[in-house]
Amino acid sequence: MLAAPLAAGAQEAAVGRTSGLPVPRFLSLKADKTNVRAGPTKDHAVAWVFTRAGLPVEVTAEFETWRRIRDADGAEGWVYHSMLSGRRTALVGPWLKDGPTPLHASPDADSAVRARLEPGVLGKLDKCDGKWCHFFDDGFDGFIEQEKLWGVYPGEKLE
């Protein structure tokens with residue numbers, strides 16, 4: 001099951017008691033191996049292991065030094081806070097079924113198409129204006145419509 005993006009402004013709904021940061025919010029995985037646990041202690045069983053650094057995750061709750069996260073498939077579990085990075089990344093919408101998504105030369109649907117990206121392609125974000133994001137990684141660099149990304153909220157602005 002795919003997690004649907006939250007409505008604009010939803011990331012401002014609450015503030016984490018420990019971090020003082022908005023909950024929910026997007027972060028990314030810091031390490032290639034990240035244990036996801038059934039609860040917020042090392043005594044809880046490892047439910048699964050992420051094996052790719054940089055994947056975007058949504059922090060949905062905080063408990064002391066632990067963060068409950070949700071991935072693009074909607075799976076939730078707990079990770080130790082130091083396994084997360086503030087570096088913003090995104091996936092081309094895993095829910096998109098109508099073929100590759102165009103990556104444009106500028107934040108304009110009429111601009112040249114630099115690449116066509118398949119659902120699930122991982123990239124970095126450095127700017128989003130609420131409608132378009134600068135989306136890049138090794139081998140591609142351009143602009144993509146924000147609503148077609150998982151890892152940034154609709155209408156969210158990044159600078």
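Residues numbered from 1 in each chain as written. Predicted model: local features only at pLDDT ≥ 70, side-chain atom pairs only at ≥ 80, totals over all residues. Heavy atoms only, no water.

## Quick notes on the confidence of the model for the protein chain
Keep in mind that low pLDDT regions are not for reading the predicted coordinates in detail.
Turning to step 1, where the next piece is worked out: Per-residue pLDDT for the protein chain averages 92, and the proportion of residues at 70 or more is 92%.
Turning to step 2, where the next piece is worked out: Across residues 1–12 the pLDDT falls below 50, and counting only partners more than four positions away or on other chains, this stretch makes 28 contacts in the model. (pLDDT = per-residue confidence, 0-100. Contact = heavy atoms within 4.5 Å.)

## Topic: the pattern of salt bridges
Turning to step 1, where the next piece is worked out: Throughout the structure, instances matching the rule amount to eight salt bridges.
Turning to step 2, where the next piece is worked out: Linking Arg-70 and Glu-76 is a salt bridge whose minimum nitrogen-to-oxygen distance equals 3.7 Å.
Turning to step 3, where the next piece is worked out: Its relative accessible area of 37% is what places Glu-76 among the partly exposed residues.
Turning to step 4, where the next piece is worked out: We note a salt bridge from Glu-145 to Lys-148, for which the minimum N-O separation is 3.3 Å.
Turning to step 5, where the next piece is worked out: Taken together, the salt bridges that share partners define one network made up of Glu-58, Arg-68, Arg-70 and Glu-76. (Salt bridge = Lys/Arg side-chain N within 4 Å of Asp/Glu carboxyl O. Buried < 20%, exposed > 50% of the residue type's maximum accessible area, 1.4 Å probe, protein only.)

## Some details on the state of the cysteines
Turning to step 1, where the next piece is worked out: Enumeration over the complete set of coordinates arrives at one disulfide.
Turning to step 2, where the next piece is worked out: Bridging Cys-128 to Cys-133, the disulfide has an S-S length of 2.1 Å. Measuring the twist about the S-S bond at about 115°, one finds the Cys-128-Cys-133 disulfide to be right-handed.
Turning to step 3, where the next piece is worked out: With relative accessibility at 4%, the residue Cys-128 sits in the buried group. (Disulfide = S-S within 2.5 Å.)

## Regarding the nonpolar core
Turning to step 1, where the next piece is worked out: Among the nonpolar cores identified, the biggest contains 16 residues, and Leu-29, Phe-50, Leu-55, Val-57, Ile-69 and Leu-84 are the most heavily contacted of them.
Turning to step 2, where the next piece is worked out: Those elements that provide at least two residues to this core are strand E3 (25–29) and strand E6 (56–63).
Turning to step 3, where the next piece is worked out: A per-element tally of this core places E3 first, with three residues.
Turning to step 4, where the next piece is worked out: Beyond its immediate stretch of four places on either side in the chain, Ile-69 contacts Phe-50, Val-57, Glu-58, Val-59, Thr-60, Ala-75, Glu-76, Gly-77, Val-79 and Leu-84. (Core = buried A, V, L, I, M, F, W, Y, C linked by side-chain atoms within 4.5 Å. Helix = DSSP H or I, 4+ residues; strand = E, 2+ residues; numbered from the N terminus.)

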